[in-house]
Amino acid sequence: MSGLKRKASQELTRNSFAVSEPRQELLEIQPVDTMGAIQSYVARAYGYVKSWFVESWYTGSTYTHVSHADEVRTRDHVQTSHTRDDGAQTLKRQRTRATRSKSAHSDNRRGARLVLNLDGCRTEAEAEEALDRLWEARRPRLMRKSSTGRKNHTEQRSVKVDDEEMLLDDDDAPLRDSIVAGPSRAPRPSFSTKPTRGSSQHTQRSGSFPRYNPRTSRDAETTSDGELADRMKKLLEGSDEEQKDRKQFSPSSYAQEKRVKAAKERENQKKQEAVKAARERRLIRRRPIEALISPMSMEWEHRVEEVRYRKHHEVITTSIGGTELHLKDFSTLGPRQWLNDEIINTYIEWIVDAANKAAVEEAKALGETVSTVPKFIAHNSFFWNNMKKKGPSSTTGLMRRKKAPGDKLLEVDSVFVPICSGNHWTIGVVRPIAKTIEYFDSMGGQYMTKPFVQTMQEWLRFQLGDKYIEDEWTVPQTGCAAQHNGFDCGVFVCTNAFCVALGLDTSCYIEHDMTQQRRNIAALLINRGFHGDFAWDRVGL
């Protein structure tokens, strides 16, 4: 046996069989003999029978297209044949996947026009039914109606509407009842089946859809507004039995009282927490969001400038207590001048007045009872000298007039004590709410701190009696803005008192601001308090 590989045209397969009509050139090459001819005829007959049996058994399909003699195409497969050198013919089959026609779906995608045929319709009802079937075919499968509901039109009743007769089946009972029971209706819209130009089978619709729709027609609404309100009331309130069940399972009077009591306790707790938070805010001094001292408007600058041209005996303004301020007092607010007692005492009085009004408003907002004891008290510059000469007992009547006698002093937030020692102004602050004693000196001197603390401790011991516990009171070393000249100490005292009353840091300004601050103090004294352009809640003086 030869080791060479057989050619593809000479390979034998199980699909090979003899050719019914061998090529003429092969017959001429082969020698003619009797036995060879008999074998050839037998092979031909066997190949023919075998090919017929294979085609009829395996295919079972009719030929749809034949491209050439060696290739046959059917719906399921493609059969090709190749002739070998010895006259045998090989068959190869390949299954084919049927191509899907896109014509059925392309029409729907492109919005193809449907054709309505009304040739077999004798009545208007049949025409309507044909039109419904036409549109039903265009709907998606999930939105189509059940076929059983459209086929069984056994009972139909005629309803006459404005001299027109309509055929309605049992499915249209709500519409039929509304038409019969209701008043006169508008004439029913009509439609025509006149063919359009270019096609006699297409229909042209004129007017609206001929069939009444009870869901969208306003004529089918028979419920009035009163009936709708009654239905909504019943739906919300429920039936009589449901109302009885509600009463039966409603909480008892004891449970209701317990709930009300718990709600009041929660409300009181919230108020107490708000009051506590407000007090804690007072214990911590913050820095202002904007500049504490800012320029005034041109109108107030002119009004302050006009004071210089007043007469000496003319009253420019008065304090809360009625003290008159003249030109000689306002002249101390000029550049490089020492402030006198009347200017400092009047300015601190206006600070205390505005701070007490703000405290009352805050207490009302928090739901707290407004106390008769003021939150801020201002002593004048003579209080310190009187304490040193006559002692704490000399202030009993004064504290009674200030509405903070005895242990009522513990309800006070801050007590201002301006001090003039020689030619220098300082201020001391006693804070019963925080139980602190502070001393502010813009020059940074400490020689007056100890005498002031000792004098105030004696005064507190006399006022509070047994409620004064010395260990609970502290003396913090609170800093303030520094002064480097010898004439702005009074302006520093007024500004420090304003910062303490507002709860601001006493070092939130600088010495350079004192020139503008002198004019601001003069304008506020002319304005007689913190209102209008100098409102208390505004930043700056």
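Residues numbered from 1 in each chain as written. Predicted model: local features only at pLDDT ≥ 70, side-chain atom pairs only at ≥ 80, totals over all residues. Heavy atoms only, no water.

**Considerations on the pairing of strand 15 (residues 436-440)**
Counting buried residues in strand 15 gives 5 out of 5 residues, a clear majority hidden from the surface. By the alternation rule, side chains of strand 15 split into Thr-436, Glu-438 and Phe-440 and Ile-437 and Tyr-439, which are all buried. Relative to strand 15, strand 14 (residues 424-431) runs antiparallel, the two being bridged by 5 bridges. Bridging from a neighbouring strand, Val-430 pairs with Ile-437 of strand 15. The turn joining strand 14 and strand 15, which pair antiparallel and follow one another in sequence, is formed by 4 residues; a positive phi near 55° is taken by Lys-435. (Buried < 20%, exposed > 50% of the residue type's maximum accessible area, 1.4 Å probe, protein only. Helix = DSSP H or I, 4+ residues; strand = E, 2+ residues; numbered from the N terminus. Pairing = 2+ DSSP bridges.)

**A look at the pattern of salt bridges**
All chains considered together, the criterion is met by 16 salt bridges. Among the ionic pairs, Glu-362 bridges to Arg-281, the shortest N-O distance being 3.7 Å. Of this pair, Glu-362 sits in helix 12 (residues 341-365) while Arg-281 sits in helix 9 (residues 253-283), placing them 81 residues apart in sequence. The class for Glu-362 is partly exposed, based on a relative accessible area of 35%. The structure contains a network of salt bridges with shared partners spanning Glu-301, Glu-305, Arg-308 and Arg-519. (Salt bridge = Lys/Arg side-chain N within 4 Å of Asp/Glu carboxyl O.)

**With respect to the nonpolar core**
Counting 54 residues, the largest nonpolar core has Phe-330, Tyr-347, Ile-348, Phe-416, Tyr-509, Phe-530 and Trp-536 as the members making the most contacts within it. At the level of elements, helix 10 (298-306), helix 11 (327-330), helix 12, strand 12 (376-378), strand 14, helix 16 (489-502) and helix 17 (514-527) are the ones that each hand at least two residues to this core. At 11 residues, helix 16 tops the list of elements feeding residues into this core. In terms of nonpolar packing, the next biggest core, distinct from the first, is built from 24 residues, Ala-404, Val-415, Val-417 and Tyr-439 among them. (Core = buried A, V, L, I, M, F, W, Y, C linked by side-chain atoms within 4.5 Å.)

**Brief notes about a nonpolar patch on the surface**
A cluster of nonpolar side chains, contributed by Met-35, Ile-38 and Val-42, occupies part of the molecular surface with about 300 Å² of accessible area. Positionally, Met-35 belongs in helix 2 (residues 34-59). (Patch = residues over 30% accessible without salt bridge, like charges linked within 9 Å, V, L, I, M, F, W, Y side chains within 5 Å. Areas by Shrake-Rupley, 256 points an atom, 1.4 Å probe, with all protein chains shown as cover.)

**Remarks on the confidence of the model for the chain**
Scored by pLDDT, the chain has a mean of 76; 67% of the residues are at 70 or more. Contacts for the low-pLDDT stretch residues 146-172, under 50 throughout, to residues beyond four places or in other chains number 41 contacts. Residue range residues 178-210 is modelled with pLDDT below 50. Its contacts to residues more than four positions away, or to other chains, number 48 contacts. (pLDDT = per-residue confidence, 0-100. Contact = heavy atoms within 4.5 Å.)

**A short note on helix 12**
Helical geometry note: an α-helix holds 3.6 residues per turn, so side chains three or four residues apart project in the same direction. Taking 1.5 Å of rise per residue, 25 residues should cover 36 Å, and helix 12 covers 36 Å from first to last C-alpha, within 8% of that figure. Following helix 12 by one or two positions, Gly-367 adopts a phi angle in the positive range, close to 75°. (Expected span 1.5 Å × (residues − 1).)

**Let's talk about the packing of helix 10 against helix 17**
Two numbers describe how helix 10 lies on helix 17: the axes approach to 10 Å, and their chain directions differ by 85°. In terms of orientation, helix 10 lies roughly perpendicular with respect to helix 17. Contacts from Trp-300, Glu-301, Arg-303, Val-304 and Glu-305 in helix 10 reach Gln-516, Arg-519, Ala-522, Ala-523, Ile-526 and Asn-527 in helix 17. Looking at the contact of helix 10 with helix 17 residue by residue, the classes come out as 5 nonpolar, 2 polar and 4 charged. (Axes fitted to C-alpha atoms, helices over the stretch in contact; angles between N-to-C directions. Parallel < 35°, antiparallel > 145°, perpendicular 65-115°, else oblique. Nonpolar A, V, L, I, M, F, W, Y, C, P; charged D, E, K, R; others polar.)

**Observations regarding the packing of helix 16 against helix 17**
Where helix 16 meets helix 17, the axes come as close as 10 Å, and the angle between the chain directions of the two elements is 70°. Relative to helix 17, the element helix 16 lies roughly perpendicular. Across the interface between the two elements, Val-491, Phe-492, Cys-494 and Thr-495 from helix 16 touch Met-514, Gln-517, Arg-518 and Ile-521 from helix 17. For the contact of helix 16 with helix 17, the class distribution of residues is 5 nonpolar, 2 polar and 1 charged.

**Structural notes on helix 16**
Between its first and last C-alpha atoms helix 16 spans 20 Å; for 14 residues at 1.5 Å apiece the expected length is 20 Å, and the two agree. For helix 16, the tally of buried residues reaches 14 of 14 residues, placing the bulk of the element in the interior.

**With respect to the sheet that holds strand 12**
Pairing between the strands of a sheet comes from backbone hydrogen bonds, and it takes one of two forms, parallel or antiparallel. Taken together, 4 strands build an open sheet; the order of strands is 12-13-14-15 and the sheet is mixed. At either end of the open sheet lies a strand with only one pairing partner, and these are strand 12 and strand 15. Each adjacent strand pair in this sheet contributes to an overall mean axis angle of 20°, direction not counted. Packing against the sheet, helix 12 makes contact with strand 12, strand 13 (414-421) and strand 14, and its axis sits at approximately 170° to strand 12.

**So, unusual backbone geometry**
Its identity as a non-glycine residue notwithstanding, Lys-403 has a phi of 65°, on the positive side. Among the structural elements, Lys-403 can be located in the loop between helix 14 (396-401) and strand 13. On the basis of relative accessible area, Lys-403 is assigned to the exposed category, the value being 55%. Notably, Arg-528 is not glycine yet its phi reads approximately 60°, a positive angle. By secondary structure assignment, the location of Arg-528 is in the segment after helix 17.

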